[in-house]
Amino acid sequence: MNRKVNISVDNLPDTLRGQIHGVESAIDNESLALFTDNKDVRVSLENAAHGLRAYSNTFNHYDLWGRFVRSGHKKLPLEEAPKKTIITRKISEKVDGILYDGEIKITPAVVSTRKDGEDVEYLVWPSDREEKVERALIRLASKGKIVKINFKSGIQYAVVFSMNELAQELKAVGQSMPYPQIKEALEALQGSKLSFKYSATDTKNTNIDDSFYESNMNFLSSLHFSGKKGQGGNVKCVACLNAFVHNMIDNLEYKGYYFNSAQELKRGLSRWMMLRLYHLWRYAAPGKTYHFRLLSIMEKYGSIYSTDDITENKLKALRRDMTTTMKDLIEKGAISEYSITNVKDDKTGNIVDYTYEMHPSDQFCDEILTLNKHNKRIEIQGGKRIVENAVLIDEDKIEEIVKD
């Protein structure tokens, strides 16, 4: 069975047919073929506690931004809307030598729900539920359920799937949801807006001027459903990805990770930390460690804001949350151990923060090595990585090169 979707204009929803000139699947499009190329990304059975793992992609700096609401209001009747509905967060991430610095704004969606025989409108902020659905959606895209649609107004990438397929991806990692909840999450992703402005500084080359970016878009560009009344899981869906994600696919600005390993974790912070490790700890090897400050990482996650007054009790609560996450990562086989160092105020001597140091497990090092090999192969095939003089490298030497 071909794992990549083969679709034509004729079997798209009616809302799309009149707007497009043609469709290309991952079988025919080079960028999508690379994005869905995961046949060699496996963990050897002898080294993997959980056997072969499901593969997906994560987008470079985009997935590290605090795009989801972790606390406070997540769904409110429209008449109960607060005075300020837009959430603002800082952006500060260094990925592949590029420092991204700026801010992001999250505007909630307005979603209509049937209640007591009437349509009731709610404000819905993208939260943990929407993050789970978005991860499952990109998992389907990475498996080949993605197409290039040539609209009259321009080109977009879209994920083509049924409600049942998306529900099965969620169920596979213990995140089962009824169809109405999945549909509402998709509608919230389509209706919620992202506004961001940031600078990108090349820390490896000071001769390159900083770049500045400012954009406004939705989490999903558009959403389309088709089917028959009472069809449930057989309803067909087309979710068009936003322009930012589209460009990241074209520019190979994504990395692979093992979907099951990250998404099977029950707690949101643990899932986010696992994805972060897959994304940023690309040189994980025995003896190498990963450091972070508690308050900084919690701000990136979205639990706190830079303007918050962190009391002693709040700091203790944040530490308890992180302790549970560290235990989750150890049980999942990502890290072997970790240590904590107090950060004290120079004047008062009070503890004001904590520094964490994590040690990777042998299993995680093997996974990262496999993912790095695959990522280099994709970059070579996509022309992003230049192979000088077409030098051929023996398979047994690749491992040594990736570690360097």
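Preceding block: the structure.
Residues numbered from 1 in each chain as written. Predicted model: local features only at pLDDT ≥ 70, side-chain atom pairs only at ≥ 80, totals over all residues. Heavy atoms only, no water.

A.B. asks: Help me out: how do you make sense of the overall build of the chain in this one?
C.D. replies: Per the secondary structure count, the chain includes twelve helices and 17 strands. Taken over 404 residues, the chain has a buried fraction of 49%. Across the chain, every contact between residues at least 6 apart in sequence was considered, and the portion connecting residues at least 24 apart equals 70%. (Helix = DSSP H or I, 4+ residues; strand = E, 2+ residues; numbered from the N terminus. Buried < 20%, exposed > 50% of the residue type's maximum accessible area, 1.4 Å probe, protein only. Contact = heavy atoms within 4.5 Å.)

A.B. asks: I tried to follow helix 4 (residues 163-172) on my own but got confused; where do I start?
C.D. replies: The periodicity of an α-helix, 3.6 residues per turn, causes residues three or four positions apart to be oriented the same way. Residues M163, L166, A167, E169 and L170 constitute the buried set of helix 4. Taken around the axis of helix 4, the buried residues stretch over an arc of 155°, which confines them to a single face. Here the buried face of helix 4 lies against helix 3 (128-142), strand 9 (154-162), helix 5 (179-191), strand 12 (220-226), strand 13 (236-241) and helix 7 (259-263). (Arc of directions from axis to C-beta.)

A.B. asks: Can you help me understand the sheet that holds strand 13 in this one?
C.D. replies: Remark on secondary structure: sheet strands pair via backbone hydrogen bonds, oriented parallel or antiparallel. Pairing in this open sheet of five strands is antiparallel, and the strands run 1-8-9-13-12 from one edge to the other. Each edge of the sheet is formed by a strand with only one pairing partner; in this case those strands are strand 1 (20-25) and strand 12. Taken pair by pair, the neighbouring strands of this sheet meet at an average axis angle of 25°, ignoring direction. Relative to strand 13, strand 12 is paired through six bridges, and the arrangement is antiparallel. Paired with H224 across the two strands is V238, which belongs to strand 13. Taken strand by strand, helix 3 contacts strand 8 (146-151), strand 9, strand 12 and strand 13, and its axis lies near 100° from that of strand 9. Lying over the sheet, helix 6 (residues 243-250) contacts strand 8, strand 9 and strand 13, oriented at roughly 95° with respect to strand 9. (Pairing = 2+ DSSP bridges. Axes fitted to C-alpha atoms, helices over the stretch in contact; angles between N-to-C directions.)

A.B. asks: It is not clear to me how the pattern of salt bridges should be interpreted in this structure. Could you clarify?
C.D. replies: Pairing is possible between side chains that carry opposite charge, provided their charged atoms lie close to one another. Tallying each qualifying case throughout the model produces 22 salt bridges. Of the charged contacts, one joins K75 and E184 as a salt bridge, the two residues approaching to 3.1 Å between their closest N and O atoms. Highlighted residues: K75 in strand 3 (residues 75-77) and E184 in helix 5, separated in sequence by 109 residues. R293 is the partner of D353 in a salt bridge, and the nearest nitrogen-oxygen pair spans 3.8 Å. Taken together, the residues D353 in strand 17 (residues 351-360) and R293 in strand 15 (residues 290-293) connect sequence positions 60 residues apart. A relative accessible area of 8% means that D353 is categorised as buried. Its relative accessible area of 41% is what places R293 among the partly exposed residues. By sharing partners, the salt bridges in this structure join D63, R67, R70, D128, E131, E134 and R135 into a single network. (Salt bridge = Lys/Arg side-chain N within 4 Å of Asp/Glu carboxyl O.)

A.B. asks: Any chance you could explain the nonpolar core here in plain terms?
C.D. replies: For soluble globular proteins, the rule of thumb is that nonpolar side chains tend to be buried together. If you look at the biggest cluster of nonpolar residues, it comprises 96 residues, and the most contacted ones within it are L329 and M358. In terms of residue count, helix 8 (residues 268-280) provides more of this core than any other element does, seven residues in total. The contact partners of L329, leaving out residues within four places of it in the chain, are L265, S270, M273, M274, L277, A334, I335 and M358. One finds V23, V147, A158 and V238 within the second-largest nonpolar core, a separate group that totals ten residues. (Core = buried A, V, L, I, M, F, W, Y, C linked by side-chain atoms within 4.5 Å.)

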